[in-house]
Amino acid sequence: MTQPDLSNQPLFFTEPVALTSNLHSDASFKPETNYLFASKTNSIPLAVSEFEQAASSYPIVFTGTDAIAVTGLTNETNVFIDEDGQWDMRSYIPAYVRKYPFLFHLSEDSETFTLCIEKSNIGDDDSGTPFFDKENPSPLVEQSLEFCKNFQAAWTQTTQFVSTLVELDLLTERRADLQSERGENSSLSGFNVIDKEKYSDLADADINKLPREFVSAINSHFVSMSRWQNLLVLSANKGP
């Protein structure tokens, strides 16, 4: 089986490889023991189906065709992860994080998905959970395949959602200017939010055309805008 071109690495991945029975029949899974792999980013992809759960923890914003959970005030800091790599127990963990170190790779013709895994999570012996039983995928691979398949479907829906927001001219560029209790100033820019006034001014006919999931996601986005303070609190708790 030809290995797909993975030269443009997705977030968190450095050397993903396709899982195949030919190459990995004797290999086993080395799972992550913490979330340190996600500690150096302040933005994580978020599927529209997660908005309601994520809105209680993160500001949800938009960049390009993506929806993003904002996880920090500076580019390389995720304030939801402590020094031991543990995620804040009060906060929702995005599916993009939970599916790591697995991912789907889409072929150039957009016809074929291949299940891939970060190379460092492949063990050379059988001390861990096997990937294959002879040529048959193990339950681990089957479950990971199903998770990635569901995430891909949710991400396709998310792309459609953001495209709809663009078509309706509901997105506007914003900057978040924040001040901590200690008087320290932080500023984030380069993202879009839904303009509440424009949304309120939409004709009933336009709103009625929106899928119920999209309306729910828009409302969750508005709720999430109150979570900027959450970033300040967690940032202060992490210390300098």
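Residues numbered from 1 in each chain as written. Predicted model: local features only at pLDDT ≥ 70, side-chain atom pairs only at ≥ 80, totals over all residues. Heavy atoms only, no water.

(A) Highlighting the sheet that holds strand 7 (residues 113-118). Strand order in the open sheet made by the three strands is 1-7-6, with antiparallel pairing throughout. Edge positions in the open sheet fall to strand 1 (16-18) and strand 6 (102-106), since each of these has one partner strand only. If you compare each strand with its neighbour and ignore which way they point, the axes differ by 40° on average. (Pairing = 2+ DSSP bridges. Helix = DSSP H or I, 4+ residues; strand = E, 2+ residues; numbered from the N terminus. Axes fitted to C-alpha atoms, helices over the stretch in contact; angles between N-to-C directions.)

(B) Highlighting the packing of helix 4 (residues 139-167) against helix 7 (residues 212-224). Interaxial distance between helix 4 and helix 7 falls to 11 Å at its minimum, and their mutual angle equals 75°. Considering the angle they form, helix 4 stands roughly perpendicular to helix 7. On helix 7, the residues touching Q157, Q160, F161, T164 and L165 of helix 4 are E213, F214, A217 and I218. Split by residue class, the contact of helix 4 with helix 7 holds five nonpolar, three polar and one charged. (Parallel < 35°, antiparallel > 145°, perpendicular 65-115°, else oblique. Contact = heavy atoms within 4.5 Å. Nonpolar A, V, L, I, M, F, W, Y, C, P; charged D, E, K, R; others polar.)

(C) Examining a negative patch on the surface more closely. A contiguous patch of negative charge on the surface is contributed by D26, D124, D125 and D126. For D26, the location among the structural elements is in the loop between helix 1 (21-24) and strand 2 (28-29). Judged by relative accessible area, D26 falls into the exposed class, the value being 62%. (Patch = residues over 30% accessible without salt bridge, like charges linked within 9 Å, V, L, I, M, F, W, Y side chains within 5 Å. Areas by Shrake-Rupley, 256 points an atom, 1.4 Å probe, with all protein chains shown as cover. Salt bridge = Lys/Arg side-chain N within 4 Å of Asp/Glu carboxyl O. Lys, Arg positive; Asp, Glu negative; His and termini not counted. Charge placed at Lys NZ, Arg CZ, Asp CG, Glu CD. Buried < 20%, exposed > 50% of the residue type's maximum accessible area, 1.4 Å probe, protein only.)

(D) Here's a closer look at helix 7. Here helix 7 contains 13 residues, and its C-alpha end-to-end distance of 18 Å stays within 8% of the 18 Å for a straight helix at 1.5 Å per residue. By the burial criterion, the buried members of helix 7 are F214, A217, I218, S220, H221, F222 and S224. (Expected span 1.5 Å × (residues − 1).)

(E) Representation of the side chain of S57 within the structure. Position of S57 among the secondary structure elements: in the loop between helix 2 (51-54) and strand 4 (60-63). Looking at S57, the relative accessible area reads 2%, which means it is buried. Beyond its immediate chain neighbours, meaning those up to four positions away, S57 contacts F80, R90, S91, Y92, R227 and N230.

(F) Structural detail: the sheet that holds strand 2. On the basis of which strands lie adjacent, the open sheet formed by three strands has the order 8-2-9 and antiparallel pairing. Single-partner strands in this sheet number two, and they are strand 8 (122-123) and strand 9 (129-130).

(G) Main features of the confidence of the model for the chain. In the predicted model, the chain carries a mean pLDDT of 89, and the fraction of residues at 70 or more is 89%. In the model of the chain, strand 12 (residues 171-179) stands out as the element of lowest mean pLDDT, 81, in contrast to helix 2, which has the highest, 98. Segment residues 1-7: pLDDT under 50, and 14 contacts once partners within four positions in sequence are set aside and those in other chains are kept. (pLDDT = per-residue confidence, 0-100.)

(H) The pattern of salt bridges, seen in detail. Within the structure shown, the criterion is met by four salt bridges. Here D169 makes a salt bridge to K198, at a shortest N to O gap of 3.4 Å. On the criterion of sequence distance, the pair formed by D169 in the loop between helix 4 and strand 12 and K198 in helix 5 (residues 196-200) is long-range, its members being 29 residues apart. By relative accessible area, D169 is classed as partly exposed at 46%. Residue class for K198 comes out partly exposed when judged on its relative accessible area of 33%.

(I) Examining the nonpolar core more closely. If you look at the biggest cluster of nonpolar residues, it comprises 57 residues, and the most contacted ones within it are F12, F62, W87, F161 and I194. Residue contributions to this core peak at six residues, all from helix 4. Residues within four places of F12 in sequence aside, it is in contact with F37, A38, T41, I44, Y96, V97 and Y100. Among the nonpolar cores identified, the runner-up in size contains 14 residues, and A27, L140, V141 and C148 belong to it. (Core = buried A, V, L, I, M, F, W, Y, C linked by side-chain atoms within 4.5 Å.)

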